[in-house]
Amino acid sequence: MSKTTIIVGLGSCGLAAGAGKTYNEIERIKNTDKLDFELKKTSCIGMCFREPLVEIIDDSGTYLYGNVDVTKVDEILEKHIKNFSPIQEYIVKSDKFDSPDKDFFEGQVEIALRNCGHIDPESIEEYESKNGYAAIRKIANEKLKPEDVIQKVLDSGLRGRGGGGFATGMKWKFAYNNKAPQKYVICNADEGDPGAFMDRSLLEGDPHSILEGMIICGYSIGASEGYIYCRAEYPLAIKRLNIAIDKAREKGYLGKNIFGIENFNFDLKIKEGAGAFVCGEETALIASIEGERGMPRRRPPFPAESGLWKSPTNINNVETFANIPWIVFNGPEKYNQYGTEKSKGTKVFALTGKIKHGGLVEVPMGITIKEIIYKLGGGIQGGKKFKAVQLGGPSGGCIPEYLSHTPIDYDSVNATGAIMGSGGMVVMDETTCVVDIARFFLDFTQKESCGKCTFCRIGTKRMLEILTRITKGEGKDGDIETLEELSHSIKDSSLCGLGQTAPNPVLTTIKYFKDEYEAHIRDKKCPALKCKELITYDVIPENCTGCTVCAKGCPVNAISGERKQLHVIDHEICTRCGVCFTKCKFNAIKLS
Amino acid sequence: MSKIIEIQIDSKVVKAAEGSNLLQVARDNGFDIPGLCYHKKLTPTGACRLCVVKIDNTPGLIMSCTVPVKEGMKITAFDEELEQNRRHTLSYLLAEHNEEFDDSYEDEIRPLIKRYNLEKPENRPLKPIWQGIPRVVDNTSPVLTYDSSKCIRCFRCIKACDEIQGKGVLSFADRGISKYIVAGFGEWFNSECDGCGECIQLCPTGAIVEKPFRESLKISEIDSKVITTCPYCGVGCQTEIFVKNDTIVRVDGVDDVSPNDGRLCVKGRFGYQYANSKKRLTHPMIKRNGVFEKVSWDEALDFVSSKFSEIKQKYGSKSLAGYSSAKCSNEENYIFQKFIRIAFGNNNVDYCTRLCHASTVTAMLKSFGDGAGSNSIEDFETTDCLLVTGNNIIDTHPITATYVKRGKAAGQKIIVIDPKWTPLVKYADVWLQPKLATDVALLNGLINIIIENGWIDKNFIENRVEGGMQAFESLKELASKYTPEKTEEITGVSKEKLYEAAKIYATAKTAMIATGMGMSQQTVGTNNVFSLINMCLITGQIGKELCGLNPPRGQNNVQGATDVGASPVNYPGYIPVTNEDNRKKVAEIWKVPFESLDPKPGLTTIEIMNAAYDGEIKAMYIMGENPVVTDPDRHHTVEAIKKLDFLVVQDIFETETTEFADVILPAASLYEKDGTVVNSDRRVLRLRKAISAPGEARQDWQICVDIAERMGFKIGSYNSPEDIFAELAKAAPIFGGITFARIEKHGIQWPCYDENHPGTSTLFLEKFNTESGKAKIFPVDYKEQSETPNTNYPLVMNSGRLLYQYHSATMSRKSKVLNAYANEAYIIINPEDAVKLGLKDGDKVKVTSPRGSLETTAKVSDEVLKGETFMPWHFNEAPVNALTRNEIDPMSKIGPFKYSVVRVERV
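Not measured: the values here are computed from a predicted model. (Residues numbered from 1 in each chain as written. Chains lettered and ligands numbered in written order. Predicted model: local features only at pLDDT ≥ 70, side-chain atom pairs only at ≥ 80, totals over all residues. Heavy atoms only, no water.)

(A) Structural context of the overall build of chain B. Secondary structure summary: chain B contains 28 helices and 36 strands in total. Principal-axis analysis of the C-alpha atoms gives chain B an extent of 85 × 70 × 65 Å. Burial analysis of chain B (907 residues in total) assigns 65% to the buried set. For chain B, the proportion of contacts with a sequence separation of at least 24, taken over those separated by at least 6, is 71%. In the structure as shown, chain B presents an accessible area of about 31,900 Å², 48% of it carried by carbon and sulfur atoms. Here chain B contributes 109 positively and 119 negatively charged side chains, and the mean placements of these two sets differ by 1 Å. (Helix = DSSP H or I, 4+ residues; strand = E, 2+ residues; numbered from the N terminus. Buried < 20%, exposed > 50% of the residue type's maximum accessible area, 1.4 Å probe, protein only. Contact = heavy atoms within 4.5 Å. Areas by Shrake-Rupley, 256 points an atom, 1.4 Å probe, with all protein chains shown as cover. Lys, Arg positive; Asp, Glu negative; His and termini not counted. Charge placed at Lys NZ, Arg CZ, Asp CG, Glu CD.)

Listed below in structure tokens is the structure:
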């Protein structure tokens with residue numbers, strides 16, 4: 001009989017939901033009641049909508065408890081640990097019985113996320129127990145040459161998971177072919193898209209897999225130094241990376257002649273980004289590491305030719321590196337059995353927005369948007385209608401419901417006008433106004449533009465002005481055409497990905513929801529009832545009971561009416577904050 | 001050299017160097033492709049997108065500024081689509097650009113607006129948005145104003161500061177459309193910006209503009225633009241002077257010419273106010289009953305000539321002497337020394353070089369046969385290693401320093417030897433901070449380490465050094481006493497640092513030395529430089545390209561004045577006066593009997609003053625010098641001058657010295673004359689008259705000629721400085737091939753022996769200029785100073801210069817702009833000494849030496865070592881030379897400005 005283990009998910013998502021307190025409570029009871037189980041930490045388990053998550057593994061099976069706030073700890077330990085009786089209603093996943101959330105996991109294939117939520121990310125031993133550092137050892141033992149490793153990566157069909165989708169093996173090959181004495185490997189961990197948290201979860205959950213991926217890359221291209229460029233807004237990721245690097249150094253996995261490979265020296269540094277979105281662009285990222293203002297440089301030369309400190313440099317993103325050890329260890333054939341003809345393997349997505357089961361999922365390429373949203377994601381919150389999904393963050397585009405059969409692969413997604421991006425999937429329902437969404441993303445890119453290219457700098461500002469006008473009901477005929485013109489100017493005339501893709505949210509929403517734009521412009525109406533200047537709140541006389549709750553809640557005193565009398569909203573004063581709408585228990589407030 | 005290839009632009013075949021910039025190639029061949037972010041002196045940016053072209057077989061419109069040309073490229077530079085696209089781009093830029101131009105600058109955007117017919121707002125596809133962007137105006141700098149509403153974020157100012165000047169002060173703040181230029185971490189004035197104005201010169205839109213004359217100046221109504229050489233330090237920057245109503249209203253750098261290629265420093269660009277100052281001398285004046293009275297030139301010249309003749313008759317020709325001037329042209333110095341030698345009949349002519357690089361020149365002449373810098377200014381960028389000793393090069397030779405900083409950015413190794421921190425330390429690989437006046441020991445220590453580690457160049461010693469290895473052995477023996485331990489004990493510099501510096505210098509592929517006042521202005525100045533030369537010779541770091549020894553010169557013509565004979569020992573071109581053949585040759589050119597030329601060397605600057613003090617010199621003719629401030633031991637100088645029977649001072653301003661004159665003669669400033677000067681890298685450069693001399697002020701050479709004539713000597717009849725230069729070229733073979741016509745655009749570096757000689761960029765490549773053609777090693781021992789700190793005077797004072805002021809400050813302190821940066825004297829005291837003396841930063845203190853005392857302000861800083869202090873010497877209200885010694889270096893007769901014992905007390 002092996003020892004019972006309790007694992008608490010302590011990723012940023014878990015901690016935010018109170019998992020830290022849950023962990024402390026379990027520990028406290030374990031000590032006071034002298035309970036015999038092993039208490040362990042892990043990172044994000046993926047089911048962000050059920051945080052805090054606590055997994056109990058005993059001889060009988062595995063049981064994942066969801067929403068374990070501190071008040072439930074005592075009960076779970078009492079029943080499950082002391083009395084060996086799992087509480088089925090709290091369990092979200094188990095190998096013993098079906099749970100309502102089982103669909104979330106069905107259809108997922110864990111490659112990049114293989115260790116996330118399963119191991120203690122601060123323990124190098126746990127990583128090693130899951131074939132960690134076995135890929136680089138395999139390279140050493142089988143005396144694989146750098147060309148051999150690059151060939152494996154090429155054969156796997158892995159394409160850059162940062163969004164560009166360039167073949168990873170090709171990128172390595174370019175860097176390899178450049179015979180410079182000094183080369184660099186950079187991990188782009190500057191995940192800046194609103195609503196994206198794939199990289200953060202990987203860094204927090206399995207930092208050693210990134211390290212191993214980078215070591216393999218260093219060996220393959222002939223680099224002796226690596227940088228992980230991680231945004232400073234990810235303190236937990238940085239902490240765990242630092243622990244991982246220290247432990248790897250202690251074990252001699254970083255340093256000189258590592259893994260017994262003669263003359264293979266490799267070490268890593270972390271460079272914390274200062275919060276500029278554009279630093280996710282590889283040349284701006286390089287400038288930032290060099291201590292310059294993070295601004296894109298013209299390409300060519302590409303980093304593979306002249307990158308960091310003018311040396312050949314290979315940059316991949318976090319997820320790409322996380323796949324590498326698995327591919328090398330299990331072989332490319334095993335990897336490319338997943339996916340489509342041109343997009344192999346799996347992709348991690350961060351599901352957010354109006355979806356029921358928000359969280360982190362890893363799915364094989366080729367799965368449709370619909371499957372992700374309805375099967376894994378459990379559909380739309382509150383039974384509302386699914387409207388569209390934003391793929392690829394501010395650089396991506398909006399895919400409407402009627403294209404939700406689109407399979408997830410680079411080429412199919414590009415064909416819609418969106419991009420795969422790094423994996424942010426923001427789901428919108430019928431209450432989301434697409435014009436407002438386009439405005440939101442443009443506001444973001446406009447602020448985050450480095451300001452170098454004329455069109456990106458001035459054009460995005462101009463577009464934002466127009467979109468803001470439209471959402472205020474001040475749109476004019478010709479605005480849509482001007483937006484399209486400006487979009488094309490910006491796309492054609494910008495140096496880096498930020499500018500080239502910044503108009504995507506506008507272009508795709510115009511493409512798929514032109515009628516909504518027209519409604520705003522011509523009829524001064526927001527069909528989604530979202531744009532404040534275009535909506536009114538009114539009391540429905542039949543339903544109003546005169547309970548005064550709305551009047552008391554109104555922050556600007558726009559509602560008048562005596563107790564038990566009909567209340568009235570003064571549109572002049574009303575700021576359309578919607579407090580009355582949410583407070584009314586009698587459905588007596590209407591939005592129009 | 002890159003391969004020359006052919007490309008086609010709009011079907012025209014164009015030749016270009018492979019890899020050169022496409023936009024530049026197109027423009028050079030007459031294709032006027034617009035572009036605002038590109039500047040030929042900067043790395044391409046590719047921001048504005050105005051320079052788009054089409055390239056066959058390449059999709060899209062390509063920014064030509066980012067394309068290196070390749071064989072066979074076919075370019076479309078102009079067609080309707082491109083012009084439409086450019087017009088579209090320009091209208092974007094105009095949308096964020098505030099067009100409220102003032103008329104004080106020419107920008108590059110207005111002509112483009114016209115060209116693309118975008119003058120009328122209704123012609124612009126994009127409406128203005130600049131009013132909606134946060135506007136940042138920085139008005140804090142004394143020299144410029146920045147207005148973000150006129151800025152198109154083209155990077156040119158940032159790159160000008162970084163890539164051209166090597167300062168890196170400017171950057172962008174904020175993001176996207178709100179971004180603006182920021183200096184340092186905030187305001188311009190509180191940043192490290194030193195006001196050089198490179199950013200102003202390169203700004204294409206008027207976002208950064210000059211402050212002086214901004215309100216009144218209409219740039220389109222400028223009367224003239226004149227190219228001349230900067231009147232300040234010895235770099236010799238080529239400047240373009242903008243003149244309106246006979247007043248200088250702006251100075252810009254001239255592109256594409258050496259030594260500065262368009263760069264200027266704050267003094268060169270903004271220090272011109274003195275020329276139009278109301279304080280200029282405008283009339284000759286004779287002191288009568290203690291009061292200066294304006295007189296006519298006739299009266300003044302008659303009076304001066306009769307007094308000189310009278311004294312000469314009464315006391316003999318030995319009783320007369322003259323100070324020539326490093327601020328005057330070659331022609332004027334030539335005439336002045338000719339005047340002294342013919343009219344005074346002796347060789348008592350010297351000038352401030354005696355106070356600056358006399359020791360360096362003495363040592364270099366003895367060892368190498370030439371006393372001038374061996375390299376060109378460009379070499380400061382491309383040599384592998386630069387050793388800078390006793391030379392605050394960033395402050396005193398700012399444009400030479402730009403080459404150094406650019407070199408550093410490209411990987412150059414820099415060694416700084418200086419007892420005081422200088423800004424160059426920030427760029428240094430090693431900084432050796434020896435105690436004051438221990439340089440000989442330090443250098444012998446380095447030589448010892450070099451020998452011990454076998455880093456010598458035996459081949460060089462055998463072939464290029466007189467006495468070969470035998471001469472080396474004598475140096476080795478002497479240096480062996482200076483073990484690292486012993487050297488550390490004397491100098492305070494750690495063994496490790498000595499080793500590091502010795503290794504970098506000796507093992508560098510190419511290494512150059514810049515040596516400054518810190519080395520030369522000591523009683524052991526000549527020995528200091530001998531030690532440097534010894535190190536140079538045993539490592540073979542001279543006599544080949546990018547190697548050598550260079551004394552950057554402090555004044556615009558300090559090099560030229562000696563070159564043309566303002567020297568008690570040499571005729572023009574370093575021809576010794578003591579040699580009879582030389583005298584004969586010179587006498588023939590000057591058309592005087594050779595017997596009339598004095599065969600004995602004359603007195604040097606300090607010797608002249610001492611002789612005056614002793615009553616041997618009775619009359620002096622001082623042209624453009626201010627010895628009361630610049631000579632050591634001010635009290636002694638004043639006493640000496642007071643003892644003179646007759647003193648004539650010819651200058652552009654009243655100075656501390658004119659006070660004691662009997663006659664003051666008003667002269668033209670450098671902006672008011674034609675002629676030539678020689679800069680630190682021996683480049684003969686043109687001066688051109690930009691404005692008229694005020695009142696009745698006259699050209700210095702004309703005054704000399706007139707006085708001589710009235711004394712009964714004809715020293716020549718010249719119509720212009722060009723005539724004088726022609727005679728000079730005959731007298732001095734090193735100038736033999738130089739004419740005004742040849743140096744119309746680019747200067748020529750002497751020696752240049754005939755009209756086909758291209759000039760000499762590096763000295764000593766084939767041989768040294770000694771009789772044997774080989775260099776000489778002079779082993780020298782370290783000597784302690786004659787005065788050392790004691791209970792009465794426990795500290796040592798060092799002195800030096802600041803970027804913003806210039807020498808005795810006669811010129812620079814007339815500039816409001818320069819004064820806004822630095823206008824106060826101070827003494828730097830080490831924090832430990834300050835604690836001991838109970839002093840805080842800003843305390844008023846009295847500084848006393850055995851010679852005198854002064855009051856100033858304490859500045860507590862670890863820029864100096866414990867026991868040492870430092871004062872800038874520009875400020876007459878705290879005259880440093882009231883404290884310095886009247887002791888001189890026996891060989892070069894230089895004064896010890898860098899070492900005086902003092903005590904400091906709170907007032």
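(B) Main features of the domain arrangement of chain B. Residues and elements named next belong to chain B. Each domain of chain B was delimited in the assignment, giving domain 1 (4-78), domain 2 (119-246), domain 3 (304-356 + 556-746), domain 4 (358-381 + 393-550) and domain 5 (795-906). Spacing between the C-alpha centres of domain 3 and domain 5 amounts to 31 Å. Each partner contributes to the interface: domain 3 provides 21 residues, whereas domain 5 provides 20 residues. Taking both sides of the interface into account, the surface hidden between domain 3 and domain 5 amounts to around 1,800 Å²; carbon and sulfur atoms contribute 59%. Connecting domain 3 to domain 5 are one salt bridge. (Domains from an automatic or database assignment. Buried area = accessible area lost by both parts, 1.4 Å probe. Salt bridge = Lys/Arg side-chain N within 4 Å of Asp/Glu carboxyl O.)

(C) Quick look at the sheet that holds strand S16 (residues 320-323) of chain B. All names here are of chain B. In spatial order, the strands read S15-S14-S27-S26-S25-S16-S17; together these seven strands make up an open sheet with mixed pairing. With partners counted over all chains shown, the strands left at the sheet margins are strand S15 (291-294) and strand S17 (349-350), one partner each. Against the sheet, helix H7 (residues 297-315) contacts strand S14 (285-288), S16, strand S25 (619-623), strand S26 (646-651) and strand S27 (663-666), and its axis sits at roughly 140° relative to S26. (Pairing = 2+ DSSP bridges. Axes fitted to C-alpha atoms, helices over the stretch in contact; angles between N-to-C directions.)

(D) Fine view of the interface of chain B and chain A. Taken together, the 29 residues of chain B in the interface contact 27 residues of chain A. Taken together, both faces of the contact between chain B and chain A bury some 2,300 Å²; the carbon and sulfur share is 56%. At the boundary of chain B with chain A, the tally comes to two salt bridges. A salt bridge links Arg457(A) to Glu96(B); the shortest N-O distance between them is 2.3 Å. Where chain B packs against chain A, one counts 14 residue pairs in polar contact (both at pLDDT 80 or more). Per-element accounting of the side of chain B that touches chain A gives the leading share, five residues, to helix H2 (residues 80-95) of chain B. (Polar contact = N/O pair within 3.5 Å; in protein donor to acceptor, adjacent residues only side chain to side chain.)

(E) Inspection of the packing of aromatic side chains at higher detail. Residues and elements named next belong to chain B. On inspection of all chains with the given rule, the structure shows 45 aromatic pairs over all chains. Sitting over the ring of Phe172, Lys179 keeps its end group 3.9 Å from the ring centre. Residue placement shows Lys859 over the ring face of Tyr826; its charged tip is 4.3 Å from the ring centre. (Phe/Tyr/Trp six-rings, centres within 6.5 Å; stacked < 30°, edge-to-face > 60°. Lys NZ or Arg CZ within 6 Å of the ring centre and 35° of its normal.)

(F) Region of interest: the pairing of strand S28 (residues 675-678) of chain B. Side-chain alternation along S28(B) places Gly675(B) and Val677(B) on one buried face and Thr676(B) and Val678(B) on a second face that is also buried. The antiparallel pairing of S28(B) with strand S29 (residues 683-687) of chain B creates a hairpin that spans four residues between the two strands, and Arg682(B) there sits at a positive phi of about 65°.

(G) Expanded view of the pairing of strand S11 (residues 359-364) of chain A. Residue and element names in this part refer to chain A. Buried residues dominate S11, accounting for six of its six residues. By the alternation rule, side chains of S11 split into Gly359, Val361 and Val363 and Leu360, Glu362 and Pro364, which are all buried. Where strand S10 (residues 346-353) and S11 come together, six bridges link them in antiparallel fashion. Bridged to Phe349 within S11 is Val361.

(H) The domain arrangement of chain A, seen in detail. Residue and element names in this part refer to chain A. Here chain A is described as being made up of domain 1 (5-100), domain 2 (124-335), domain 3 (346-429), domain 4 (434-523) and domain 5 (536-591). Averaged C-alpha coordinates put domain 2 and domain 4 at centres separated by 35 Å. Across the boundary between the two partners, domain 2 contributes 13 residues, which contact 10 residues of domain 4. Approximately 940 Å² of surface area, both sides summed, lies buried where domain 2 meets domain 4, with 75% of it carried by carbon and sulfur atoms. Looking only at domain 2, the three residues that lose the most surface to domain 4 are Pro194, Phe277 and Pro296, adding up to 49% of its buried area. Connecting domain 2 to domain 4 are three residue pairs in polar contact (both at pLDDT 80 or more). Residue classes in the side of domain 2 that touches domain 4 are distributed as six nonpolar, three polar and four charged. (Nonpolar A, V, L, I, M, F, W, Y, C, P; charged D, E, K, R; others polar.)

(I) Just the sheet that holds strand S5 (residues 74-76) of chain B, in detail. Residues and elements named next belong to chain B. Pairing is mixed across the open sheet formed by five strands, whose spatial order is S2-S1-S5-S3-S4. Since the sheet does not close on itself, it has two edges, and those belong to strand S2 (12-17) and strand S4 (62-63), each with one partner. Lying on the sheet, H2 is in contact with strand S3 (52-55) and S5; it crosses S3 at an angle near 150°.

(J) Local environment of the packing of helix H8 (residues 168-177) of chain A against helix H10 (residues 207-221) of chain A. Residues and elements named next belong to chain A. Between H8 and H10, whose axes approach to 8 Å, the crossing angle comes to 45°. The angle between H8 and H10 falls in the class oblique. Along the contact surface, H8 presents Trp172, Ala175 and Tyr176, while H10 presents Gly213, Ile216, Cys217, Ser220 and Ile221. Class assignment for the residues of the contact of H8 with H10 results in six nonpolar, two polar and no charged. (Parallel < 35°, antiparallel > 145°, perpendicular 65-115°, else oblique.)

(K) Quick look at the environment of Leu386(B). In this structure, Leu386(B) sits in strand S18 (residues 385-389). On a C-alpha basis, the gap between Leu386(B) and Ala358(B) in space is 22 Å, while along the polypeptide they are 28 residues apart.

(L) Region of interest: empty space enclosed by the protein. All names here are of chain B. If you walk through the whole model with that rule in mind, you get 13 cavities of 30 Å³ or more. Volume-wise, the largest cavity comes out at about 110 Å³. In terms of lining, the largest cavity is formed by 15 residues, of which the most central are Phe380, Thr400, Pro552, Ser680 and Asp681. Partitioned by chemical class, the residues of the lining of the largest cavity number five nonpolar, nine polar and one charged. Two domains each put at least three residues into the lining of the largest cavity: domain 3 (304-356 + 556-746) and domain 4 (358-381 + 393-550). (1 Å grid on protein atoms, 1.4 Å probe; cavity = no way out; pocket = protein on both sides within 12 Å on 5 of 7 lines; lining within 4 Å. Points joined across faces, edges and corners; volume = space filled by probe spheres on them.)

(M) Fine view of the state of the cysteines. All names here are of chain A. Applying the stated criterion across every chain, the model contains zero disulfides over all chains. In this structure Cys398 is a free cysteine whose sulfur lies 11 Å from that of Cys433, the closest cysteine sulfur available. Sulfur of Cys526: no disulfide; nearest cysteine sulfur belongs to Cys433 and is 3.7 Å away. (Disulfide = S-S within 2.5 Å.)

(N) The arrangement of the side chain of Ser422(A) in detail. Turning to its location among the elements, Ser422(A) is positioned in the loop between helix H16 (410-416) and strand S14 (424-429). Residues within four places of Ser422(A) in sequence aside, it is in contact with Arg161(A), Gly162(A), Gly163(A), Asp193(A), Met198(A), Glu319(A), Lys347(A) and Val348(A).

(O) Helix H2 (residues 19-32) of chain A, seen in detail. Residue and element names in this part refer to chain A. Counted at 1.5 Å a residue, the expected span for H2 with its 14 residues is 20 Å, and the 20 Å between its end C-alpha atoms agrees. Among the residues making up H2, those that are buried are Ala19, Thr22, Tyr23, Glu25, Ile26 and Ile29. Looking down the long axis of H2, one finds its buried residues gathered within 165° of arc, a one-sided arrangement. Packing partners of the buried residues in H2 comprise strand S1 (5-9), helix H1 (12-17), strand S2 (38-42), strand S3 (54-58) and helix H3 (73-82). (Expected span 1.5 Å × (residues − 1). Arc of directions from axis to C-beta.)

(P) Structural context of the pattern of salt bridges. Across all of its chains, the model carries 86 salt bridges over all chains by this definition. A salt bridge links Asp443(A) to Lys447(A), with the nearest nitrogen and oxygen atoms 3.1 Å apart. Taken together, the residues span about one helical turn, with Asp443(A) and Lys447(A) both in helix H17 (residues 434-448) at a distance of four residues. The salt bridge partner of Asp194(B) is Lys167(B), with a shortest N-O separation of 3.0 Å. Here Lys167(B) lies in the loop between helix H4 (156-164) and strand S8 (170-173) and Asp194(B) lies in the loop between strand S9 (180-183) and helix H5 (198-202), a separation of 27 residues in the sequence. Salt bridges sharing common partners tie together Glu125(A), Glu128(A), Arg137(A) and Lys251(A).

(Q) Spatial organisation of the packing of helix H22 (residues 605-613) of chain B against helix H24 (residues 634-643) of chain B. Residues and elements named next belong to chain B. The N-to-C vectors of H22 and H24 enclose an angle of 60°; their axes lie 7 Å apart at closest approach. As the angle between them shows, H22 and H24 are arranged oblique. The chirality of how H22 crosses H24 is left-handed. Facing Met609, Asn610, Ala612 and Tyr613 of H22, the residues of H24 in contact are His636, Thr637, Glu639, Ala640, Ile641 and Lys643. Split into classes, the residues belonging to the contact of H22 with H24 amount to five nonpolar, three polar and two charged. (Left-handed = near helix turned anticlockwise from the far one by under 90°.)

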